[in-house]
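# Fold and contact review
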Amino acid sequence: SSGINAEYGGLRVGKILIQRDEESADKRAVLYYKKLPADIAKCKVVVVDPMLATGGSLDCALEVLREAGVEEVVFVNLFSCEEGLEMIQRRWPRLHTVTLHVDLMLDERRYIVPGVGDFGDRYYGTVE
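Reference entry: report on the structure contained in this document. This structure is a prediction, so every number in the text was calculated from the model and none was measured.

This next bit is on the overall build of the protein chain. Along its length, the protein chain carries four helices and eight strands. Listing each helix as α and each strand as β along the protein chain from the N terminus yields α-β-β-β-β-α-β-α-β-β-β-α. Taken over 128 residues, the protein chain has a buried fraction of 30%. At a minimum sequence separation of 6, the contacts of the protein chain that also span at least 24 residues come to 54%. Of the roughly 8,900 Å² that the protein chain leaves accessible, carbon and sulfur atoms contribute 53%.

Okay, structure coming up:
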(Lines give C-alpha, C1' and ligand atoms only; values in the text may rest on other atoms or scores of the structure.)
Protein backbone atom coordinates (compact mmCIF):
# COMPACT_ATOMS: atom_id res chain seq x y z
CA SER A 1 0.00 0.00 0.00
CA SER A 2 2.90 2.40 0.59
CA GLY A 3 3.91 2.28 -3.09
CA ILE A 4 0.40 3.07 -4.27
CA ASN A 5 0.05 5.81 -1.69
CA ALA A 6 3.36 7.33 -2.78
CA GLU A 7 2.08 7.45 -6.36
CA TYR A 8 -1.47 8.66 -5.76
CA GLY A 9 -1.36 10.15 -2.24
CA GLY A 10 -4.17 10.58 0.23
CA LEU A 11 -5.14 6.92 0.34
CA ARG A 12 -6.16 5.36 3.62
CA VAL A 13 -5.73 1.70 4.34
CA GLY A 14 -7.94 -0.54 6.41
CA LYS A 15 -6.97 -4.04 7.49
CA ILE A 16 -9.15 -7.10 7.75
CA LEU A 17 -7.37 -10.30 8.82
CA ILE A 18 -9.28 -13.45 7.89
CA GLN A 19 -7.92 -16.97 7.76
CA ARG A 20 -9.73 -20.11 6.81
CA ASP A 21 -10.04 -22.84 9.43
CA GLU A 22 -8.12 -25.72 7.88
CA GLU A 23 -9.53 -28.12 10.51
CA SER A 24 -13.16 -27.58 9.49
CA ALA A 25 -14.63 -29.62 6.64
CA ASP A 26 -15.91 -26.54 4.83
CA LYS A 27 -12.72 -24.52 5.50
CA ARG A 28 -14.88 -21.73 6.98
CA ALA A 29 -13.43 -18.24 7.23
CA VAL A 30 -12.54 -16.89 10.67
CA LEU A 31 -12.23 -13.14 11.31
CA TYR A 32 -9.21 -12.40 13.53
CA TYR A 33 -8.78 -8.64 13.24
CA LYS A 34 -10.21 -5.54 11.63
CA LYS A 35 -9.19 -1.91 11.66
CA LEU A 36 -11.00 0.38 9.25
CA PRO A 37 -10.96 4.15 8.70
CA ALA A 38 -13.71 5.79 10.78
CA ASP A 39 -15.37 7.22 7.67
CA ILE A 40 -15.02 4.13 5.49
CA ALA A 41 -18.72 4.28 4.57
CA LYS A 42 -17.93 7.44 2.58
CA CYS A 43 -14.86 5.96 0.86
CA LYS A 44 -14.27 4.15 -2.39
CA VAL A 45 -13.22 0.70 -1.19
CA VAL A 46 -10.93 -1.77 -2.95
CA VAL A 47 -10.43 -5.21 -1.41
CA VAL A 48 -7.18 -6.87 -2.48
CA ASP A 49 -6.51 -10.58 -1.92
CA PRO A 50 -4.22 -12.74 -4.08
CA MET A 51 -6.45 -15.83 -4.13
CA LEU A 52 -10.19 -16.56 -4.21
CA ALA A 53 -10.91 -20.27 -3.75
CA THR A 54 -14.15 -21.05 -1.90
CA GLY A 55 -15.03 -17.37 -1.53
CA GLY A 56 -15.43 -17.71 2.24
CA SER A 57 -12.77 -15.17 3.20
CA LEU A 58 -14.03 -12.57 0.74
CA ASP A 59 -17.61 -13.17 1.88
CA CYS A 60 -16.51 -12.56 5.48
CA ALA A 61 -14.61 -9.38 4.50
CA LEU A 62 -17.59 -8.04 2.55
CA GLU A 63 -19.82 -8.68 5.56
CA VAL A 64 -17.42 -6.66 7.75
CA LEU A 65 -17.54 -3.81 5.22
CA ARG A 66 -21.34 -3.95 4.93
CA GLU A 67 -21.63 -3.71 8.71
CA ALA A 68 -19.39 -0.62 8.53
CA GLY A 69 -21.79 1.02 6.05
CA VAL A 70 -19.83 0.41 2.82
CA GLU A 71 -22.15 0.12 -0.17
CA GLU A 72 -19.80 -0.33 -3.13
CA VAL A 73 -16.63 -2.43 -3.32
CA VAL A 74 -14.17 -3.39 -6.03
CA PHE A 75 -12.41 -6.73 -5.48
CA VAL A 76 -8.99 -7.21 -7.13
CA ASN A 77 -7.05 -10.47 -7.10
CA LEU A 78 -4.67 -12.68 -9.06
CA PHE A 79 -6.24 -16.16 -9.10
CA SER A 80 -9.86 -17.19 -8.67
CA CYS A 81 -11.85 -20.37 -8.94
CA GLU A 82 -15.22 -20.64 -10.71
CA GLU A 83 -16.89 -22.11 -7.61
CA GLY A 84 -15.82 -19.23 -5.38
CA LEU A 85 -16.71 -16.59 -7.96
CA GLU A 86 -20.17 -18.09 -8.43
CA MET A 87 -20.84 -18.11 -4.68
CA ILE A 88 -19.68 -14.50 -4.32
CA GLN A 89 -21.79 -13.41 -7.30
CA ARG A 90 -24.89 -14.99 -5.75
CA ARG A 91 -24.27 -13.37 -2.35
CA TRP A 92 -22.91 -10.01 -3.58
CA PRO A 93 -24.36 -9.29 -7.04
CA ARG A 94 -23.24 -5.63 -7.01
CA LEU A 95 -19.56 -6.50 -6.36
CA HIS A 96 -17.15 -5.41 -9.10
CA THR A 97 -14.43 -8.08 -9.53
CA VAL A 98 -11.11 -7.86 -11.36
CA THR A 99 -9.11 -11.08 -11.54
CA LEU A 100 -6.06 -12.09 -13.55
CA HIS A 101 -6.94 -15.76 -14.01
CA VAL A 102 -9.85 -18.12 -13.31
CA ASP A 103 -9.13 -21.80 -12.61
CA LEU A 104 -11.88 -24.36 -13.03
CA MET A 105 -12.10 -26.23 -9.75
CA LEU A 106 -11.09 -26.90 -6.17
CA ASP A 107 -9.45 -30.10 -4.97
CA GLU A 108 -10.52 -32.20 -1.97
CA ARG A 109 -8.63 -29.82 0.36
CA ARG A 110 -10.59 -26.89 -1.16
CA TYR A 111 -7.47 -25.48 -2.88
CA ILE A 112 -7.57 -24.05 -6.40
CA VAL A 113 -6.58 -26.53 -9.14
CA PRO A 114 -4.10 -26.21 -10.70
CA GLY A 115 -3.46 -23.00 -8.71
CA VAL A 116 -0.13 -22.04 -7.16
CA GLY A 117 -0.40 -23.69 -3.73
CA ASP A 118 -1.04 -21.78 -0.53
CA PHE A 119 -0.12 -18.19 -1.42
CA GLY A 120 0.18 -17.08 2.22
CA ASP A 121 2.53 -19.93 3.08
CA ARG A 122 4.66 -19.20 0.03
CA TYR A 123 4.72 -15.45 0.62
CA TYR A 124 5.59 -15.70 4.31
CA GLY A 125 7.87 -18.75 4.00
CA THR A 126 5.78 -20.96 6.26
CA VAL A 127 5.50 -23.97 3.91
CA GLU A 128 6.31 -27.20 5.73
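Additional details are given in the paragraphs that follow.
Turning our attention to the environment of His96. Of note, His96 is situated in strand β6 (residues 96–103). When the C-alpha positions of His96 and Val76 are compared, they lie 8.6 Å apart, and in sequence the two are 20 residues distant. There is a polar contact of 3.3 Å between the side chain of His96 and the side chain of Glu72.

Note that Ala53 resides in the loop between β4 (51–52) and α2 (56–67). Between the alpha carbons of Ala53 and Leu106 there is a distance of 7.1 Å; along the sequence they are 53 residues apart. Every residue in contact with Ala53, bar those within four places of it in the chain, is listed here: Arg20, Cys81, Glu83, Gly84, Leu106, Arg110 and Ile112.

Helix length check: α2, at twelve residues, gives a terminal C-alpha distance of 17 Å against a target of 16 Å (1.5 Å per residue), a fit within 8%. For α2, the set of buried residues is Leu58, Asp59, Cys60, Ala61, Leu62, Glu63, Val64 and Leu65. Elements that come into contact with the buried residues of α2 comprise β1 (15–20), β2 (29–35), β3 (45–48), β4, β5 (73–81) and α3 (82–91). Within two residues after α2, Gly69 carries a phi angle of roughly 95 degrees, on the positive side.

Attention shifts here to the layout of surface pockets. Roughly 190 Å³ of internal volume is contained in the second largest pocket. As for the second largest pocket, its lining consists of Leu62, Leu65, Arg66, Val70, Glu71, Glu72, Val73, Arg91, Trp92, Pro93, Arg94 and Leu95. Looking at the lining of the second largest pocket, the element that brings in the most residues is α2, giving three residues.

With 14 residues, the main nonpolar core has Leu58, Leu65, Val73 and Leu95 as its most contacted residues. A per-element tally of this core places α2 first, with three residues. Ignoring any residue separated from it by four or fewer positions in sequence, one finds Leu95 in contact with Leu58, Leu62, Val73, Phe75 and Ile88. If you look at the next biggest cluster of nonpolar residues, it comprises six residues, including Ala53, Phe79, Cys81 and Leu106.

Reading the values: rules and limits
- Residues numbered from 1 in each chain as written.
- Predicted model: local features only at pLDDT ≥ 70, side-chain atom pairs only at ≥ 80, totals over all residues.
- Heavy atoms only, no water.
- Helix = DSSP H or I, 4+ residues; strand = E, 2+ residues; numbered from the N terminus.
- Buried < 20%, exposed > 50% of the residue type's maximum accessible area, 1.4 Å probe, protein only.
- Contact = heavy atoms within 4.5 Å.
- Areas by Shrake-Rupley, 256 points an atom, 1.4 Å probe, with all protein chains shown as cover.
- Polar contact = N/O pair within 3.5 Å; in protein donor to acceptor, adjacent residues only side chain to side chain.
- Expected span 1.5 Å × (residues − 1).
- 1 Å grid on protein atoms, 1.4 Å probe; cavity = no way out; pocket = protein on both sides within 12 Å on 5 of 7 lines; lining within 4 Å.
- Points joined across faces, edges and corners; volume = space filled by probe spheres on them.
- Core = buried A, V, L, I, M, F, W, Y, C linked by side-chain atoms within 4.5 Å.

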